[in-house]
Amino acid sequence: MDFIWIIIIVVLGPIIGTLLGTFLRPGDKFLSISFAFTAGVMLAVSFFELVPQAIKGSSGLTATGAFFGGFVLMLLVDIMIPHFHTTTGTEEASFERTTSTIYTGVLMHNLPEGFAIGAGFSLDARLGLLIAIAIAFHDVPETLIPVASRYRIKKGKKRAFLTGLSVMVSTLAGIFIGHFLLSGIPAAISASALGISGGIMVYLAADELLPTAYDFGFVHLTNLSLILGIIFIMILKSTIGV
């Protein structure tokens, strides 16, 4: 049942992002808040849960290497597969990129994100749930951008809607790969996978979410949203007992 709830939560992120990108087209302030809050969520999950669990299950040196490895993995993905960054004040630069490039970038980034969820669930269902919530928050603005681009370029809500829903496929694939690959293996290996997941999430927050949030120019609002994202995870941790 826990695994089903994780799938439901993960699917909600792209669905909400798709609806927003297709029908509502939210403004810059909403996007700034969304990116910053999500960055706080992902940083909190990484440093409050993933990294400590990695150190506890292996060793400080192993966890450090795994964390750095996850960070480098996402850096290489970013170099090889161009990703998008939202722009100051408008979405125009996102629309100038081809829809296929944006779409491919999101798909490639979502695979390791799904792996992070599967890795967490293989060790502790509640930890997997916490990571899934963080990724779902992240997927809302991340899905919104390619959906908005597709709608702007193709002028069709149906195709834009299908674009948004299809980006969850790679996330789900990553979840199953992470979960079934790590189930039943030594705890030290699973713990190292959590370290890798922590590096992945910190990279996403530092390279994608926070720079984009600050680009909109709402500095104080961005700082507040970042802190609220961290506080949200602190409250959630005490609620679900992770």
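Residues numbered from 1 in each chain as written. Predicted model: local features only at pLDDT ≥ 70, side-chain atom pairs only at ≥ 80, totals over all residues. Heavy atoms only, no water.

Once that is clear, we can look at the overall build of the protein chain. Counting its secondary structure elements, the protein chain contains 10 helices and 0 strands. Along the protein chain, helices (α) and strands (β) appear in the sequence α-α-α-α-α-α-α-α-α-α when read from the amino end. Split into buried and exposed, the 242 residues of the protein chain put 51% on the buried side. Once local pairs closer than 6 in sequence are excluded, the contacts in the protein chain between residues at least 24 apart make up 86%. (Helix = DSSP H or I, 4+ residues; strand = E, 2+ residues; numbered from the N terminus. Buried < 20%, exposed > 50% of the residue type's maximum accessible area, 1.4 Å probe, protein only. Contact = heavy atoms within 4.5 Å.)

What follows deals with the pattern of salt bridges. Inspection of every chain in the model, using the stated rule, returns 2 salt bridges. With a shortest N-O distance of 2.2 Å, Lys237 and Glu49 are connected by a salt bridge. Of this pair, Lys237 sits in helix H10 (residues 219-240) while Glu49 sits in helix H2 (residues 28-57), and the two are 188 residues apart along the sequence. Each member of the pair Lys237 and Glu49 is classed as buried. Between Asp124 and Arg126 there is a salt bridge, and its shortest N-O distance comes to 3.7 Å. Taking the relative accessible area as the measure of exposure, Asp124 reaches 24% and is therefore partly exposed. (Salt bridge = Lys/Arg side-chain N within 4 Å of Asp/Glu carboxyl O.)

Enumeration over the complete set of coordinates arrives at 8 aromatic pairs. Aromatic side chains Phe47 and Phe67 sit 6.0 Å apart centroid to centroid with 45 degrees between the ring planes, which places their arrangement in the tilted category. Note that Phe47 is positioned in helix H2 and Phe67 in helix H3 (residues 60-80), a separation of 20 residues in sequence. For Phe47, a relative accessible area of 46% translates into the label partly exposed. Ring pairs connect the aromatic residues Phe3, Phe121, Phe176 and Phe180, which therefore count as one cluster. (Phe/Tyr/Trp six-rings, centres within 6.5 Å; stacked < 30°, edge-to-face > 60°.)

Taken as a whole, the largest pocket holds about 240 Å³ of empty space. Those elements that provide at least two residues to the lining of the largest pocket are helix H1 (2-24), H2 and helix H6 (125-154). It is H2 that contributes the most residues to the lining of the largest pocket, 5 residues altogether. Looking at the lining of the largest pocket, its residues break down into 10 nonpolar, 3 polar and no charged. For the second largest pocket, the calculated volume is near 150 Å³. What lines the second largest pocket is a set of 10 residues, among which Leu73, Leu111, Pro112, Phe115 and Ile200 lie closest to the centre. Counting only elements with at least two residues in the lining of the second largest pocket, the list comes to H3, helix H5 (99-123), helix H8 (168-182) and helix H9 (187-215). Grouping the amino acids of the lining of the second largest pocket by side-chain chemistry returns 9 nonpolar, 1 polar and no charged. (1 Å grid on protein atoms, 1.4 Å probe; cavity = no way out; pocket = protein on both sides within 12 Å on 5 of 7 lines; lining within 4 Å. Points joined across faces, edges and corners; volume = space filled by probe spheres on them. Nonpolar A, V, L, I, M, F, W, Y, C, P; charged D, E, K, R; others polar.)

The biggest cluster of nonpolar side chains holds 52 residues, and the ones touching the most others in it are Met42, Val45, Leu50, Ile117, Ile131, Met201 and Ile233. Counting residues per element, the ones that place at least two in this core are H1, H2, H3, H5, H6, H8, H9 and H10. Counting residues per element, this core draws most heavily on H2, which supplies 11 residues. Excluding residues within four positions of it along the chain, Val45 makes contact with Leu50, Leu130, Ile131, Ala134, Met201 and Ile233. (Core = buried A, V, L, I, M, F, W, Y, C linked by side-chain atoms within 4.5 Å.)

At their nearest, the axes of H1 and H8 sit 10 Å apart, and the two run at 155 degrees to each other. Here H1 lies roughly antiparallel to H8, going by the angle between them. Both H1 and H8 take part in a crossing whose hand is right-handed. Each of Phe3, Ile7, Val10, Val11, Pro14 and Ile15 in H1 lies in contact with H8, whose residues at this interface are Met168, Thr171, Leu172, Ile175, Phe176 and His179. (Axes fitted to C-alpha atoms, helices over the stretch in contact; angles between N-to-C directions. Parallel < 35°, antiparallel > 145°, perpendicular 65-115°, else oblique. Left-handed = near helix turned anticlockwise from the far one by under 90°.)

Our focus in this paragraph is the packing of H2 against H9. The angle between the axes and the distance between the axes are what describe a pair of packed helices. One can describe the packing of H2 onto H9 by two numbers: an axis separation of 8 Å at closest approach and a directional angle of 160 degrees. Taken together, H2 and H9 sit at an angle that is classed as roughly antiparallel. By crossing handedness, the relation of H2 to H9 is classed as left-handed. Across the contact of H2 with H9, the residue classes break down as 20 nonpolar, 9 polar and no charged.

A few words on a nonpolar patch on the surface. On the surface, Phe47, Phe48, Leu224, Ile227, Leu228, Ile231, Met234 and Ile235 cluster together to form a nonpolar patch covering roughly 740 Å² of accessible area. Of all the elements in the fold, those that place two or more residues in the nonpolar patch are H2 and H10. Considering each element in turn, the nonpolar patch owes the most residues, 6 residues, to H10. Here Phe48 shows up in helix H2. In this structure Phe48 comes out as partly exposed when scored by relative accessible area, which is 36%. (Patch = residues over 30% accessible without salt bridge, like charges linked within 9 Å, V, L, I, M, F, W, Y side chains within 5 Å. Areas by Shrake-Rupley, 256 points an atom, 1.4 Å probe, with all protein chains shown as cover.)

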